Amino acid sequence: MDKRCSISTFVIILSVLRPWSDVLPYELRVDPDAIGIASTDFGKIVHPPKPAAVLYPSSVNDIATLVKFSYNLSSPFSIAPRGRGHSLRGQAMAPHGVVVEMTSLNNYSHGSRIMVSQNPISGWYADVGGEQLWIDVLQATLKHGLAPVSWTDYLYLTVGGTLSNAGISGETFHRGPQISNVLEMDVITGKGEVVTCSKDTNSQLFFAVLGGLGQFGIITRARIPLEPAPKRAKWIQLLYDDFSAFSRDQEHLISINNGLDYLEGSILMQNSPSSNWRSSFPLFDYPRISSLISKYGIIYCIEAVKYYDEFTSHTVDEEIQELLKGLNFLPGFMFTKNVSLVEFLNRVRSGELTLRAQGLWDVPHPWLNLFVPKSRISDFNIGVFRNILTKLNQTIGPLLVYPMNQNKWDDRTSAVIPDEDIFYTVGLLHSSGIDDWEAFENQNKEILQFCYKAGIKIKLYLHGYKTKEDWMNHFGPTKWKIFKEMKALFDPKLILSPGLLVFVPGSVTRMTWRVSLCSRQNLVWTQRA
């Protein structure tokens, strides 16, 4: 039996028992394979009820038709777009509803979903399907000698997925997050309407969707500004044994105009093996770096990059020397590499492939990502890095900590950050076995409790809350009011992306699929309250 079942072969029975005359032109799958894939995500921490079906669209109109169909029901079912399923807490899940496999659009696009163009006013840009991976955007734009300016550390994520959160990495301090680098979008609202929006046209939807956790619409196209692409990257690592010097030097580096192109910080600890170090060092230096970690317990690492091309290759070393002047890293512990732009931007991929080969990629990821105000980052270091993280007798994952400038974020978007000019992103990127992830989750709870008791006003990133009150505290009174208003305006029936539990309807419609006969022509869609 063919596992794909065209919706036109379904008999649709509504709760009012009247026939539905519309023929919906797209494919749905209800087989265990499709349901199984759509029932999990990269985090593998939350396990809500499975979706009833999975949509494999051949066009944007297929998705809009599905959303409009649900919206027109007296008791609509939930719908969630899924790109790479790289969410951590269920953002791409739709319990008892329909998950939309966005990457299916690739099968019908014939390469037309990444288009590079030029505008006399705004310059070069790429119109990119929301289902496209950033690595493919990079490769397509480089053919024109161009590239986007803001990235995530891992490029095998979809454009729509990162724009629904923020999209951050070491470029964010001077380029802003990816949500600050979008010119225009096409969005399917919770009413099934396809709307083109920008800062000047349908701006309410534009800013709501950016960082909006999928609550207001499904991004089907984004217009990304491009600039001439550099050719290579000077990649530098600096080691510190003192957190004050480490954080002070990071803050100094991000304050320099026309300085570095990328800056991130990480932490090396005794229970963090070299395979989990975010920075890669020369193999022959591993023993003395490990000795340094044994001596001090914790070592801090600044990772800095300056891009260059054939026109600046003769000055880049001098520029870097000037930028690093006066920094207080440990003498003899500066490491430099010279790599291509693609090799640098795609640096996480090699680690992924290694973990996949070892069977260590598709495992639980009890990550904790936070934004911490600059004024309290020293307290966070003492309470978390030097206390809580040292108590767990388990191998820990990469640990990131680096600063960003608030003025590079647009407050009109739905993203939430601390109310200070400089704040730090902290990423505790743990992986675990199938049965021992709860130890990391308990540690995460201890960290959050420490911040609460210490009065450190953190903001969670890529993380979910379990109650309405928690979400209200996360957004704050003003932003929560706007968030609710935008939900009422663009998804009034609470159809989209229910997995994060931002809005919980009074009654959840459950969609069940019953195969009455073993043929494609005899599948019945039954709606129950």
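Residues numbered from 1 in each chain as written. Predicted model: local features only at pLDDT ≥ 70, side-chain atom pairs only at ≥ 80, totals over all residues. Heavy atoms only, no water.

Concerning helix α9 (residues 286-296)
Listed as buried for α9 are Y286, I289, L292 and I293. When α9 is viewed along its axis, its buried side chains cluster within an angular range of 120 degrees and face the same direction. In α9, the exposed positions that point more than 90 degrees away from the buried face belong to P287, S294 and K295. Looking at the buried positions of α9, the neighbouring elements they touch are β14 (232-240), β15 (262-269), β16 (298-308) and β17 (334-340). In the stretch just after α9, G297 is the one whose phi turns positive, near 85 degrees. (Buried < 20%, exposed > 50% of the residue type's maximum accessible area, 1.4 Å probe, protein only. Helix = DSSP H or I, 4+ residues; strand = E, 2+ residues; numbered from the N terminus. Arc of directions from axis to C-beta. Contact = heavy atoms within 4.5 Å.)

Section: the packing of helix α13 (residues 377-391) against helix α14 (residues 437-454)
Contact geometry for α13 and α14: axes closest at 11 Å, N-to-C directions at 155 degrees. Classified by the interaxial angle, the pair formed by α13 and α14 is roughly antiparallel. The handedness of the crossing between α13 and α14 is right-handed. Only Q443, E446, I447, F450 and C451 of α14 make contact with α13, whose side of the interface consists of D379, F380, G383, V384, I388, L389 and K391. Considered class by class, the residues forming the contact of α13 with α14 number 7 nonpolar, 2 polar and 3 charged. (Axes fitted to C-alpha atoms, helices over the stretch in contact; angles between N-to-C directions. Parallel < 35°, antiparallel > 145°, perpendicular 65-115°, else oblique. Left-handed = near helix turned anticlockwise from the far one by under 90°. Nonpolar A, V, L, I, M, F, W, Y, C, P; charged D, E, K, R; others polar.)

What to know about the pairing of strand β8 (residues 123-129)
Look at any regular strand and the pattern is simple: side chains alternate between the two faces of the sheet. Across the 7 residues that make up β8, a large majority, 6, are buried. In terms of strand pairing, β8 meets strand β12 (residues 217-225) through 5 bridges, oriented antiparallel. Considered in β12, the bridge of D127 is made with R223. (Pairing = 2+ DSSP bridges.)

Section: unusual backbone geometry
One can expect most non-glycine residues to show negative phi and most peptide bonds to be in trans. For K44, which is not glycine, the phi torsion reads 55 degrees and is therefore positive. Residue position: K44 is located in the loop between α1 (32-38) and β4 (53-56). Of note in the backbone geometry, N258 takes a positive phi value of approximately 55 degrees without being a glycine. Within the fold, N258 resides in the loop between α8 (243-254) and β15.

Focus on empty space enclosed by the protein
Scanning the model with the defined rule gives 4 cavities of 30 Å³ or more in all. Quantified by volume, the largest cavity comes out at close to 140 Å³. Around the largest cavity, the lining comprises 16 residues; the ones closest to its centre are L213, V416, L460, Y461 and H474. Looking at the lining of the largest cavity, the elements that each hand over two or more residues are β21 (459-461) and α15 (468-490). (1 Å grid on protein atoms, 1.4 Å probe; cavity = no way out; pocket = protein on both sides within 12 Å on 5 of 7 lines; lining within 4 Å. Points joined across faces, edges and corners; volume = space filled by probe spheres on them.)

Brief notes about the nonpolar core
Judged by nonpolar contacts, the single largest core of 120 residues is most densely connected at M185, F380, F385, W409 and I447. Once you skip the residues sitting within four places of it in the chain, I447 turns out to touch L368, L370, F380, V384, I388, L389 and L428. (Core = buried A, V, L, I, M, F, W, Y, C linked by side-chain atoms within 4.5 Å.)

What about the sheet that holds strand β10 (residues 184-189)?
Here we have 5 strands laid out as an open sheet, ordered β7-β8-β12-β10-β11, and antiparallel in their pairing. One side of each edge strand has no neighbouring strand; the edge strands of this open sheet are β7 (114-119) and β11 (194-198). Geometrically, the sheet is characterised by an average inter-axis angle of 20 degrees between neighbouring strands, direction not taken into account. The strands that helix α2 (residues 60-71) touches are β10, β11 and β12; relative to β10, the one it contacts most, it runs at about 40 degrees.

Side note on the side chain of E251
With respect to the helices and strands, the residue E251 is situated in helix α8. For E251, the side chain forms a polar contact with the side chain of Y424, separated by 2.7 Å. Not counting residues within four places of it along the chain, the set of residues in contact with E251 comprises K374, P403 and Y424. (Polar contact = N/O pair within 3.5 Å; in protein donor to acceptor, adjacent residues only side chain to side chain.)

Here we look at the environment of E131
Counting through the fold element by element, E131 comes out in the loop between β8 and α4 (134-142). Residues within four places of E131 in sequence aside, it is in contact with M102, T103, L105, N106, R113, T158 and T220. Looking at E131, its side chain comes within polar contact range of the side chain of Q132, at 2.8 Å.

Let's talk about the sheet that holds strand β20 (residues 422-428)
Reading across the sheet, the 8 strands line up as β17-β14-β16-β15-β19-β20-β18-β21 and stay open at both edges, with antiparallel pairing between neighbours. The sheet terminates laterally at β17 and β21, the two strands that pair on one side only. Within this sheet the neighbouring strands show an average axis-to-axis angle of 25 degrees, counted without direction.

With respect to α2
Here α2 spans 17 Å end to end across 12 residues, near enough to the 16 Å set by a 1.5 Å rise per residue. All of the buried residues along α2 are D62, I63, A64, T65, L66, V67, F69 and S70. (Expected span 1.5 Å × (residues − 1).)

Points about the environment of F380
For F380, the position within the fold is in helix α13. In this structure, the C-alpha to C-alpha distance between F380 and C451, residues 71 residues apart in sequence, is 7.7 Å. Once you skip the residues sitting within four places of it in the chain, F380 turns out to touch L370, V372, F385, V426, I447, F450, C451 and I456.

Spatial relationships are all this shows, so hold off on functional conclusions.
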